[in-house]
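Structural description and commentary
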Amino acid sequence: MATLYAIALAVVTLYGLNHFWLSWRWAKTRALVPGPVPDPAATLAGDGPVPMVTVQIPLYNESLVADRVIAACARLDWPRDRLEIQVLDDSTDETTGVVARAVRFWRAQGMQMVHLHRTHRNGFKAGALAAGLRSARGGFIAMFDADFVPPRDFLRRMMPRFSDPQVGFVQARWAHLNDSNSLLTRMQSVGLDAHFALEQEARARSGYPAGFNGTAGIWRLACIEDAGGWSADTLTEDLDLSYRAQLRGWRMAFLPELAVPAELPVEMGGFRAQQHRWTKGAMQTAMKLVRRVRKGGSGVGFRTQGTLHLTATLGFPFMLVVALLHAPVSLRKAAGAGPSEAFFALLTLGIAGFAGFFLAHLLAQRSLYGDWARRLVRFPLFLAASIGMSLSNTIAVAEALLGRRSPFVRTPKFNSLDNASSPWWRSAYAVARLGPVSFAEVMLAVYLTVGLFLLVWVGAWASVPFQLLFVAGTWMVVGLTLRDAGLVGKFLRA
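Right, let's walk through the structure included here. (Residues numbered from 1 in each chain as written. Predicted model: local features only at pLDDT ≥ 70, side-chain atom pairs only at ≥ 80, totals over all residues. Heavy atoms only, no water.)

Describing the overall build of the chain
Secondary structure assignment for the chain yields 18 helices and seven strands. Over its C-alpha atoms the chain spans a radius of gyration of 23 Å, differing by no more than 12% from the 23 Å that the globule rule assigns to 494 residues. Summarising its shape, the C-alpha atoms of the chain cover approximately 80 × 60 × 45 Å along the three principal directions. Looking at the chain as a whole, 56% of its 494 residues are labelled buried. Long-range contacts, defined as pairs at least 24 residues apart, comprise 83% of the intrachain contacts of the chain with a sequence gap of at least 6. Only carbon and sulfur atoms are counted for the fraction: they give 63% of the accessible area of the chain, which is about 20800 Å². Across the chain, 51 positive and 34 negative side-chain charges occur, with their mean positions spaced 4 Å apart. (Helix = DSSP H or I, 4+ residues; strand = E, 2+ residues; numbered from the N terminus. Rg over C-alpha atoms; globule rule 2.2 N^0.38 Å. Buried < 20%, exposed > 50% of the residue type's maximum accessible area, 1.4 Å probe, protein only. Contact = heavy atoms within 4.5 Å. Areas by Shrake-Rupley, 256 points an atom, 1.4 Å probe, with all protein chains shown as cover. Lys, Arg positive; Asp, Glu negative; His and termini not counted. Charge placed at Lys NZ, Arg CZ, Asp CG, Glu CD.)

Some remarks on the sheet that holds strand S1 (residues 53-59)
Taken in spatial order, the seven strands line up as S3-S2-S1-S4-S6-S5-S7 in an open sheet, and their pairing is mixed. Taken across any chain shown, the strands that pair with only one partner, and hence form the sheet edges, are strand S3 (112-117) and strand S7 (251-262). The mean inter-strand angle of the sheet, taken between neighbouring strand axes irrespective of direction, is 20 degrees. Here strand S5 (residues 167-176) pairs with S7 via nine bridges, running parallel. When the sheet's bridge partners are listed, Ala175 is paired in S7 with Pro261. Along the sheet face, helix H2 (residues 66-74) touches S1, strand S2 (83-89) and S3 and points at about 175 degrees away from the line of S1. Contacting S5, strand S6 (217-220) and S7, helix H8 (residues 237-247) crosses the sheet at an angle of about 45 degrees to S6. (Pairing = 2+ DSSP bridges. Axes fitted to C-alpha atoms, helices over the stretch in contact; angles between N-to-C directions.)

Looking at H8
The buried fraction of H8 amounts to 10 of the 11 residues, a majority that puts the element mostly inside the structure. Along H8, the positions that sit buried rather than exposed are Glu237, Asp238, Leu239, Asp240, Leu241, Ser242, Tyr243, Arg244, Ala245 and Gln246. Gly249 sits one or two residues past H8 and shows a positive phi near 100 degrees.

As for the packing of aromatic side chains
For any pair of aromatic rings, the description consists of the separation of the ring centres together with the inter-plane angle of the planes. Scanning all chains against the criterion turns up 15 aromatic pairs. Residues Phe169 and Phe212 carry aromatic rings whose centres are separated by 6.0 Å and whose planes lie at 85 degrees to one another, so their mutual orientation is edge-to-face. Note that Phe169 is positioned in strand S5 and Phe212 in the loop between helix H6 (183-206) and S6, a separation of 43 residues in sequence. As far as burial versus exposure is concerned, Phe169 and Phe212 are alike and both buried. Taken together, a centroid distance of 5.1 Å and an interplanar angle of 70 degrees make the contact between Phe358 and Phe379 edge-to-face. Of this pair, Phe358 sits in helix H13 (residues 350-368) while Phe379 sits in helix H15 (residues 378-388), and the two are 21 residues apart along the sequence. The structure contains a cluster of three or more aromatic residues connected by ring pairs, namely Phe354, Phe357, Phe358, Phe379 and Phe382. Taking the ring centre of Tyr60 as reference, the NZ or CZ of Arg121 above it sits at 3.6 Å. (Phe/Tyr/Trp six-rings, centres within 6.5 Å; stacked < 30°, edge-to-face > 60°. Lys NZ or Arg CZ within 6 Å of the ring centre and 35° of its normal.)

A word on H15
Along an α-helix, residues three or four positions apart point the same way, because every turn accommodates 3.6 residues. With eight of its 11 residues buried, H15 lies for the most part within the structure. The set of residues buried in H15 consists of Arg378, Phe379, Phe382, Leu383, Ala384, Ala385, Ile387 and Gly388.

Comments concerning the pattern of salt bridges
According to the stated counting rule, one finds 22 salt bridges in the structure shown. A salt bridge links Lys125 to Asp145; the shortest N-O distance between them is 2.9 Å. With Lys125 in helix H4 (residues 124-133) and Asp145 in the loop between strand S4 (140-143) and helix H5 (154-158), this residue pair connects regions lying 20 residues apart in the sequence. One salt bridge connects Arg248 with Asp226, and the closest N-O pair in it is separated by 2.9 Å. Of the two residues, Arg248 is situated in the loop between H8 and S7 and Asp226 in helix H7 (residues 221-226); the sequence distance between them amounts to 22 residues. The exposure class of Arg248 is exposed, given its relative accessible area of 52%. Classification of Asp226 as partly exposed rests on a relative accessible area of 30%. One salt-bridge network, held together by shared partners, links Asp233, Asp240, Arg244 and Lys288. (Salt bridge = Lys/Arg side-chain N within 4 Å of Asp/Glu carboxyl O.)

Things to note about the packing of helix H11 (residues 315-334) against helix H17 (residues 436-458)
Two measures define how a pair of helices packs: the angle their axes make with one another and the distance between the axes. The geometry of H11 relative to H17 is characterised by a closest axis approach of 10 Å and an angle of 25 degrees between their N-to-C directions. In terms of orientation, H11 and H17 fall into the roughly parallel class. The two elements H11 and H17 cross, and the hand of that crossing is left-handed. Only Leu444, Tyr447, Leu448, Gly451, Leu454, Leu455 and Val458 of H17 make contact with H11, whose side of the interface consists of Leu320, Ala323, Leu324, His326, Ala327, Pro328, Ser330, Leu331 and Ala334. (Parallel < 35°, antiparallel > 145°, perpendicular 65-115°, else oblique. Left-handed = near helix turned anticlockwise from the far one by under 90°.)

A word on unusual backbone geometry
Negative phi is the rule for most residues except glycine; trans is the rule for most peptide bonds. Phi at Asn61 is positive, roughly 55 degrees, even though this residue is not glycine. Here Asn61 is to be found in the loop between S1 and H2. Of the residues examined, Asn61 reaches a relative accessible area of 17% and is grouped as buried.

Right under this line is the structure:
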């Protein structure tokens, strides 16, 4: 038991130390960005013709936000004769009518906009994107999910990066429309900020492989075609394609200074579904490509960072093992039946992994917000919730490793900015979710709580803080799940 605990803690520490490395690379490369600041008014190098851009908006049953994203894309500052908008609609509800009306309106305003409605979901989002490409006229493909609101100057600021012929895709930073909406959204914003403001920037500037995030970015059509096109054999078609492109020698450019706001999931069921899809899809992509990454790429840094990036979701099952064994191992030590003191002294090296994890989130908050010190209190919430989600995400990893297929489940969008007049739990997209995973999380929370009481009982005070973190994280997830189910259930009974 102690050996398994040590192995699991070592793996978690490894990924934490990688955050330390990326933080160092971020700080170093930030001071060494060459050349002048790109001109936002430029298009491409020289005075050549303005390139044709196709904007793709993939939708599936998202009637509450479809109008908003279509309008934002129609208002992009780009010559109208060089801008085409495809609304890729796989919906089976009233979203199709909402889209049809919006497309008619904007076409009447002179926009080149088409409504491509599929009556099936073959290939899910990847299939919709590939279907749109068959009629796309642009040499560059921008894409936005339904919950994003691109700023007017998005294309003006992004397109100059393609003056480098090796740049295959450009990614903007995600921002948040509703990060102060609730405990759940505050927690999510911390993790996403660290990913975009630090990790993506450090990878792009260091020449490490990085993933396209599926939205708020632009692809060079030639890059998509050279990399083999969109594929639906994983749930993260964006990560898959971006790695295949980089293995072919294409590069990603990242614009941390350009923020594209989006809505964060406001209910636990939607957040869990999103995390399950991202976690399982990332592991599927790792199984598909990690051998190619380890054998290919340009240098040790590319291969090492690519491997760590693709396999990062393994941190969840190992974190779960640490949580399950922390109390038993500590209780055996307190009873004098555990390993030697030297064994536990070595385990304290795990603090270095935690320090790297914390440092990455600290630097991200400091680089983005003037009130970063006040916002940093959200970090413990994010850390606890990450631990609380370890069971659900471990199941996602296991499904990928076992080869179990599952559909692409879209995260429900509620237009929560209008929450006062129409709260999300009154939406048809809100569902009371108390499935087997929810009950398993309750049992895990009870188990960890019993372990906490036993550690206090025997006076194992050094082990109490970490056990308390495990308990807080699992009960946070359980509490949010029960709250959301209660809100939806109350509405349905009304």
